[in-house]
Amino acid sequence: MNITIIGAGPIGSYAGYLLAKEGHAVTIYENHPQIGSPIQCTGILTSDFDEFGFPVDSFLVNTIDRIEVFSPARQRIAIKQKDYIVCRIKFDNFFADKACQAGATILLNHSFSRKDGEELVITDSKAGKELRIKPDIVIAADGPLSPTAKAYGFYLPERENYYGIQAVVSGKFESHTIKTYFGNEICPGLFAWIAPESATSARVGVATLKNSKHYFDRFMKEHNFTAREIQAGTIPVYHPRQKLQHDNCYVVGDAAGYVKATTLGGLIPGLKQAEVLARSIISGESYEKGCASLRKRLLLHRRVHMI
């Protein structure tokens, strides 16, 4: 089959790899000029990532073995947990390279423009022209505000999106401990974080439904941090009414809102969802039914978040 994937992030590229290695003609369209940039994610993976069997050392920045949770009153609880902090540019390119090696084609500077009947209109921003394509299958992997999902009628207006702001800062840090800070004065509805890249460098950020910049600036000032670089992005939260398939289009990853409401982590749920999607396309099984166990876990995260 002729398969079009909109978005060459790790989820879209992984789906492309799984489908291309089964002999499907896969083309992945990426609107940015470089894979993995701009960075819009903290880049934390839980140890569940080990289940995939990928060589984490090729994109690993640091390994975490403890999380410290600070209450609004600054009481502290320490939790033993293994996490990985990764370089998102290397991480994204790892999956893009796998897709290309399996036979997929990735076209940079190409973005979804609109749906015109059964055709998709793709804009080549570098050449300044439009392409018209008519694929057998379309996979929307183009992020939380997915124009592809909107064009196919997937997008839920009631779905919540957080706005995250993160800085890379210098200082002295416990190199294997992530610190999280809770409280309405710190980061209403979620938490602020300090995730060390090393003993002298860390990723510091907040994510809120509104006024993120206000809370970010205050957290940075309180800890006397100066940003070496700033990263920001929209982060969706799982919604149980989200549909995953309509006509010949499927949504995956952030475009489907498959993100944990407790931590806003979407990489592992998205990669698992990509596996379900590939199996569904290859075998003809129901994609919605295949995602049932993932939905159950994400719904649990949503309920915990509400509490």
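For the structure itself, consult the block above.
Owing to the predicted nature of the structure, the values given are computational and were not obtained by experimental measurement.

Draft legend 1. Structural context of the overall build of the protein chain. A tally of regular secondary structure across the protein chain gives 7 helices and 17 strands. In terms of principal-axis extent, the alpha carbons of the protein chain reach across some 55 × 35 × 35 Å. In the protein chain, buried positions account for 51% of the 307 residues. Looking at the protein chain alone, contacts between residues at least 24 apart form 67% of all its contacts between residues at least 6 apart. Put simply, the protein chain has 36 plus and 31 minus side-chain charges, and the middle of one group is 5 Å from the middle of the other.

Draft legend 2. Quick peek at the environment of Ala149. Looking at where Ala149 falls in the secondary structure, it is placed in helix H3 (residues 147-151). Its relative accessible area of 0% is what places Ala149 among the buried residues. Separated by 24 residues in the primary sequence, Ala149 and Phe173 place their C-alpha atoms 41 Å from one another. Setting aside residues up to four positions removed in sequence, Ala149 forms contacts with Ala140, Phe154, Tyr155, Val251 and Ala255.

Draft legend 3. Expanded view of the sheet that holds strand S1 (residues 2-6). Pairing is mixed across the open sheet formed by 6 strands, whose spatial order is S6-S2-S1-S10-S17-S16. Of all strands in the sheet, those with a lone pairing partner are strand S6 (105-107) and strand S16 (245-246), marking the two edges. Sheet topology places strand S10 (residues 137-140) next to strand S17 (residues 249-251); 3 bridges connect them, and they run parallel. For Ala140, the partnering residue across the bridge sits in S17 and is Val251.

Draft legend 4. Seen up close, the packing of aromatic side chains. Applying the stated criterion across every chain, the model contains 22 aromatic pairs. Each ring, one from Phe52 and one from Phe54, has its centre 5.7 Å from the other, and the planes form 5°; the classification is stacked. Phe54 carries the same exposure label as Phe52, and that label is buried. Taken together, the ring pairs in this structure connect Tyr14, Tyr17, Phe49, Phe52, Phe54, Phe59, Phe91, Phe94 and Phe95 into an aromatic cluster.

Draft legend 5. Broad picture of the nonpolar core. Counting 62 residues, the largest nonpolar core has Tyr14, Phe49, Phe91 and Ile139 as its most contacted members. Counting residues per element, this core draws most heavily on helix H5 (residues 267-283), which supplies 8 residues. The residues contacting Phe49, other than those within four sequence positions of it, are Phe54, Val56, Phe59, Phe91, Phe95, Ile268 and Leu271.

Draft legend 6. Highlighting the packing of helix H1 (residues 10-20) against H5. Viewed as axis vectors pointing N to C, H1 and H5 meet at an angle of 30°, and their least axial separation amounts to 9 Å. Here H1 lies roughly parallel to H5, going by the angle between them. H5 is crossed by H1, and the crossing has right-handed handedness. Contacts between H1 and H5 involve Pro10, Ile11, Tyr14, Ala15, Leu18 and Leu19 on the former and, on the latter, Leu267, Gly270, Leu271, Ala274, Glu275, Ala278, Ile281 and Ile282. A breakdown of the residues in the contact of H1 with H5 according to their chemical character gives 12 nonpolar, 1 polar and 1 charged.

Draft legend 7. The arrangement of the environment of Ala192 in detail. Assignment of secondary structure puts Ala192 in strand S13 (residues 192-196). For Ala192, a relative accessible area of 0% gives the class buried. Sequence separation between Ala192 and His239 is 47 residues; the distance between their C-alpha atoms is 23 Å. Leave out the neighbours within four places in its chain, and Ala192 touches Lys179, Thr180, Tyr181, Ile186, Cys187, Gly205, Val206 and Phe219.

Draft legend 8. Up close: the sheet that holds strand S4 (residues 60-70). As summarised here, the arrangement of the 8 strands in space is S3-S5-S4-S12-S13-S14-S11-S15, forming an open sheet in which the pairing is mixed. In this open sheet, the two edge strands, each paired with only one partner strand, are strand S3 (44-46) and strand S15 (227-236). Strand-to-strand, the axes of this sheet are offset by a mean angle of 30°, without reference to chain direction. For S4 and strand S5 (residues 76-86), the ladder comprises 9 bridges, and the chain directions are antiparallel. Bridge assignment links Ile64 to a residue of S5, and that residue is Asp83.

Thresholds, definitions, all that
- Residues numbered from 1 in each chain as written.
- Predicted model: local features only at pLDDT ≥ 70, side-chain atom pairs only at ≥ 80, totals over all residues.
- Heavy atoms only, no water.
- Helix = DSSP H or I, 4+ residues; strand = E, 2+ residues; numbered from the N terminus.
- Buried < 20%, exposed > 50% of the residue type's maximum accessible area, 1.4 Å probe, protein only.
- Contact = heavy atoms within 4.5 Å.
- Lys, Arg positive; Asp, Glu negative; His and termini not counted.
- Charge placed at Lys NZ, Arg CZ, Asp CG, Glu CD.
- Pairing = 2+ DSSP bridges.
- Phe/Tyr/Trp six-rings, centres within 6.5 Å; stacked < 30°, edge-to-face > 60°.
- Core = buried A, V, L, I, M, F, W, Y, C linked by side-chain atoms within 4.5 Å.
- Axes fitted to C-alpha atoms, helices over the stretch in contact; angles between N-to-C directions.
- Parallel < 35°, antiparallel > 145°, perpendicular 65-115°, else oblique.
- Left-handed = near helix turned anticlockwise from the far one by under 90°.
- Nonpolar A, V, L, I, M, F, W, Y, C, P; charged D, E, K, R; others polar.

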